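# What the coordinates show
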Amino acid sequence: MRSCLLRAAVLVAVLGTPGCLVVSLNPAYDDDSIGFEPRLVGAWQDVEDDCSMQIESGEWKSYRIRYVHPIETGTVTAYLTAVGDTRYLDVMPAAGVDRGSFVVPVHVVLRVVLNGDRLELTPLSYDWFAARLHAGGLAGASLEAAFDQKQNALIVSPAAKLRGWLRRQPESSPAFGASAVFQRK
C-alpha cells in the first residue's frame, strides 16, 4: 500500500491506477493563498521507494515536477498553499497541455514539511476516505466526496470547503496517509 500512496503523492497523472487515489475536482488553493518556497526547487530522491523528482520553478508561482518511478515517469504542475500554519502542494496534470474536452484535471493534495534537505510529502489517506464512503459518506466531515468509475475517492466540495476541512485537521489526523520522505540530491 505504501507504493500506492507514494504514487498518489507524487503522480497525479496516474490515471491507470484504480482505487488508490484521493483526488479533488477543485484546487486546495485560491488566488490569495498561493505561495512559493524556493527551497523546494531542486533534485529529490526517495531511496526507500526508488523514486526521484526534479522540482523547477514554473509559471505564475507554480512548480513543474518531473518524477521518475519504477512504474512510470511524467510531469505535473503544483501550487504551494498555506492553510493556517500548514503548507500543502496541490498537484495536478501538467499545465499548458490540452488533453481534450472530455478530460477533467484533478488535484492531489499533499501536506508539505520541508526541513533543510529533507522533504516530507503526505497525501490524503485513500483508506480513510474509502471507509467513510463505503459507510455512507463524509457528511460529518463537512466535505462531499464519492467514488469515481476507477474507485478513486473524488472530493467534489468547492475549494473553500476543502480548505476549511484541511484547516480543522490536526497533524495526527487519520485522514492523512503514509508520508514519502525525499532527500535533496
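Keep in mind that what you see is a predicted model, and the values were worked out from it rather than measured.

### Quick look at a nonpolar patch on the surface
The grouping of Leu25, Val104 and Val156 at the surface amounts to a nonpolar patch, some 220 Å² of accessible area in total. Checked against the element boundaries, valine 104 lands in the loop between β7 (86-93) and β8 (108-115).

### Observations concerning helix α3 (residues 159-167)
Owing to its 3.6 residues per turn, the α-helix aligns residues three or four sequence positions apart on the same side. Considered for burial, the residues of α3 that qualify are Ala159, Leu162, Arg163, Gly164, Trp165 and Leu166. Against β1 (22-24), β6 (73-83), β7, β8, α2 (126-134) and β11 (153-155) lie the buried residues of α3.

### Describing the sheet that holds strand β10 (residues 145-147)
Think of a sheet as strands paired side by side through backbone hydrogen bonds, with each pair either parallel or antiparallel. Ordered by their spatial adjacency, three strands build an open sheet running β1-β11-β10, and the pairing between neighbours is mixed. Either end of the sheet is taken by a strand with one partner, and the two such strands are β1 and β10. Here the average twist between neighbouring strands, direction ignored, is 30°. Both β10 and β11 contribute to a ladder of three bridges, which runs antiparallel.

### Thoughts on the side chain of asparagine 152
Examined against the element boundaries, asparagine 152 turns out to sit in the loop between β10 and β11. Given a relative accessible area of 6%, asparagine 152 falls into the buried group. Within the structure, the side chain of asparagine 152 is placed 3.3 Å from the backbone nitrogen of leucine 21, a separation counted as a polar contact.

### Considering the nonpolar core
Grouped burial of nonpolar side chains is what soluble globular proteins tend to show. Membership of the largest hydrophobic core comes to 25 residues, with the highest contact counts inside it found for Met53, Tyr63, Leu89, Leu119, Leu121 and Phe182. Those elements giving two or more residues to this core turn out to be β4 (51-57), β5 (62-68), β6, β7, β8, β9 (118-123) and β12 (180-184). Those residues within four positions of tyrosine 63 in sequence are excluded, and the remaining contacts are Phe36, Glu37, Leu40, Val41, Ile55, Glu56, Gly58, Val76, Thr77, Ala78, Leu80 and Leu89. Counting residues in hydrophobic clusters, the runner-up holds 22 residues, among them Leu133, Leu138, Ile155 and Leu166.

### Describing the environment of isoleucine 71
Summarising the element assignment, isoleucine 71 is placed in the loop between β5 and β6. According to the relative accessible area criterion, isoleucine 71 is exposed, its value standing at 54%.

### Some words on the confidence of the model for the chain
Reading fine detail from the predicted coordinates is not recommended where pLDDT is low. Across the chain, the average pLDDT comes to 88, with 90% of residues at 70 or higher. When the elements of the chain are averaged for pLDDT, helix α1 (residues 2-10) gives the smallest value, 43, and β8 the largest, 98. Within the model, pLDDT remains below 50 along residues 1-18, and this stretch shows 55 contacts once partners closer than five positions in the same chain are excluded.

### Describing the packing of aromatic side chains
A full pass over the atoms with the stated rule returns seven aromatic pairs. Pairing phenylalanine 36 with tyrosine 63 gives two aromatic rings, centres 4.5 Å apart and planes at 10°, and the pair type is stacked. Here tyrosine 63 lies in strand β5 and phenylalanine 36 lies in the loop between β2 (34-35) and β3 (42-46), a separation of 27 residues in the sequence. Taking the relative accessible area as the measure of exposure, phenylalanine 36 reaches 33% and is therefore partly exposed. By the ring-pair criterion, three or more aromatic residues cluster together here, those being Tyr29, Trp60 and Tyr79.

So, how was this worked out
- Residues numbered from 1 in each chain as written.
- Predicted model: local features only at pLDDT ≥ 70, side-chain atom pairs only at ≥ 80, totals over all residues.
- Heavy atoms only, no water.
- Patch = residues over 30% accessible without salt bridge, like charges linked within 9 Å, V, L, I, M, F, W, Y side chains within 5 Å.
- Areas by Shrake-Rupley, 256 points an atom, 1.4 Å probe, with all protein chains shown as cover.
- Salt bridge = Lys/Arg side-chain N within 4 Å of Asp/Glu carboxyl O.
- Helix = DSSP H or I, 4+ residues; strand = E, 2+ residues; numbered from the N terminus.
- Buried < 20%, exposed > 50% of the residue type's maximum accessible area, 1.4 Å probe, protein only.
- Contact = heavy atoms within 4.5 Å.
- Pairing = 2+ DSSP bridges.
- Axes fitted to C-alpha atoms, helices over the stretch in contact; angles between N-to-C directions.
- Polar contact = N/O pair within 3.5 Å; in protein donor to acceptor, adjacent residues only side chain to side chain.
- Core = buried A, V, L, I, M, F, W, Y, C linked by side-chain atoms within 4.5 Å.
- pLDDT = per-residue confidence, 0-100.
- Phe/Tyr/Trp six-rings, centres within 6.5 Å; stacked < 30°, edge-to-face > 60°.

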